[in-house]
Amino acid sequence: GVGGLGTHVSVALVRLGIRKMYIVDMDTVDDHNLNRQVLFGKQHVDKSKVFSAKEELERLHNLRTDIVALEMDILKEWQRVVEMSRDADVIFCMADPSQYLDVAVQSLALQRKRCFIMGGTFGSSYT
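About the thresholds
Residues numbered from 1 in each chain as written. Predicted model: local features only at pLDDT ≥ 70, side-chain atom pairs only at ≥ 80, totals over all residues. Heavy atoms only, no water. Helix = DSSP H or I, 4+ residues; strand = E, 2+ residues; numbered from the N terminus. Rg over C-alpha atoms; globule rule 2.2 N^0.38 Å. Buried < 20%, exposed > 50% of the residue type's maximum accessible area, 1.4 Å probe, protein only. Contact = heavy atoms within 4.5 Å. Areas by Shrake-Rupley, 256 points an atom, 1.4 Å probe, with all protein chains shown as cover. Lys, Arg positive; Asp, Glu negative; His and termini not counted. Charge placed at Lys NZ, Arg CZ, Asp CG, Glu CD. 1 Å grid on protein atoms, 1.4 Å probe; cavity = no way out; pocket = protein on both sides within 12 Å on 5 of 7 lines; lining within 4 Å. Points joined across faces, edges and corners; volume = space filled by probe spheres on them. Nonpolar A, V, L, I, M, F, W, Y, C, P; charged D, E, K, R; others polar. Axes fitted to C-alpha atoms, helices over the stretch in contact; angles between N-to-C directions. Left-handed = near helix turned anticlockwise from the far one by under 90°.

Caption draft 1: Spatial organisation of the overall build of the protein. From N to C terminus, the protein includes four helices and four strands. Starting at the N terminus and walking to the C terminus, you meet the elements of the protein as α-β-α-β-α-β-α-β. Whereas a compact globule of 127 residues would reach a radius of gyration of roughly 14 Å, the protein reaches 14 Å, a difference of no more than 12%. For the C-alpha atoms alone, the extent of the protein along its principal axes is close to 50 × 40 × 25 Å. A burial count over the protein gives 40% of its 127 residues as buried. Here the contacts in the protein between residues at least 6 apart in sequence split such that 60% fall between residues at least 24 apart. Of the roughly 7900 Å² of accessible surface on the protein, a fraction of 51% belongs to carbon and sulfur atoms. Computing the positive centroid from 16 side-chain charges and the negative centroid from 17, the protein places the two 6 Å apart.

In structure tokens form, the structure reads like this:
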């Protein structure tokens, strides 16, 4: 995901000059995202997160990374994720955890024997 944490990670990776990066998200930019999602400005509100992120990464930070932007639901198009993972050295999951996504991506990384880095917003309850 290219939200609060994913935008920061994608900027860092592109600045490091990694060879290729897939960014995947199915959401659009909302005005309440602007305080924490560093790649987006007012002009991106109501637009695709992945295509806006790619545009800003290319414009501001990229010197050599091949950025592939995919607007899709990871679980519904899981086979595409499996295919992309074949060439990955590291698998990052910066999407907010769901009941199935965490386990699915972790299992894929284990199966592929890839380094796996996960981050996102974890739910909390206060009483």
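Caption draft 2: Geometry of the layout of surface pockets. Estimates place the volume of the largest pocket at around 780 Å³. Residue lining of the largest pocket: 28 residues in total, with Met-21, Tyr-22, Val-90, Ile-91 and Phe-92 positioned closest to the centre. Elements that contribute at least two residues to the lining of the largest pocket include exactly helix H1 (4-16), strand S1 (20-25), helix H3 (78-85), strand S3 (90-93) and helix H4 (101-112). In terms of residue count, S1 provides more of the lining of the largest pocket than any other element does, five residues in total. When the residues that make up the lining of the largest pocket are grouped by side-chain class, the tally is 20 nonpolar, four polar and four charged. If you add up the space inside the second largest pocket, you get close to 580 Å³. Lining of the second largest pocket is provided by 27 residues; of these, Gly-1, Asp-25, Met-94, Ala-95 and Asp-96 occupy positions nearest its centre. Among the secondary structure elements, those contributing two or more residues to the lining of the second largest pocket are H1 and S1. Among the elements that make up the lining of the second largest pocket, the one with the highest residue count is H1 (three residues).

Caption draft 3: The packing of H3 against H4, seen in detail. Their axes nearest at 11 Å, the elements H3 and H4 cross at an angle of 35°. Remark: the crossing between H3 and H4 carries right-handed chirality. Taken together, the residues of H4 that come into contact with H3 (itself represented by Trp-78, Val-81, Val-82 and Ser-85) are Ala-104, Val-105, Leu-108 and Arg-112. Looking at the contact of H3 with H4, its residues break down into six nonpolar, one polar and one charged.

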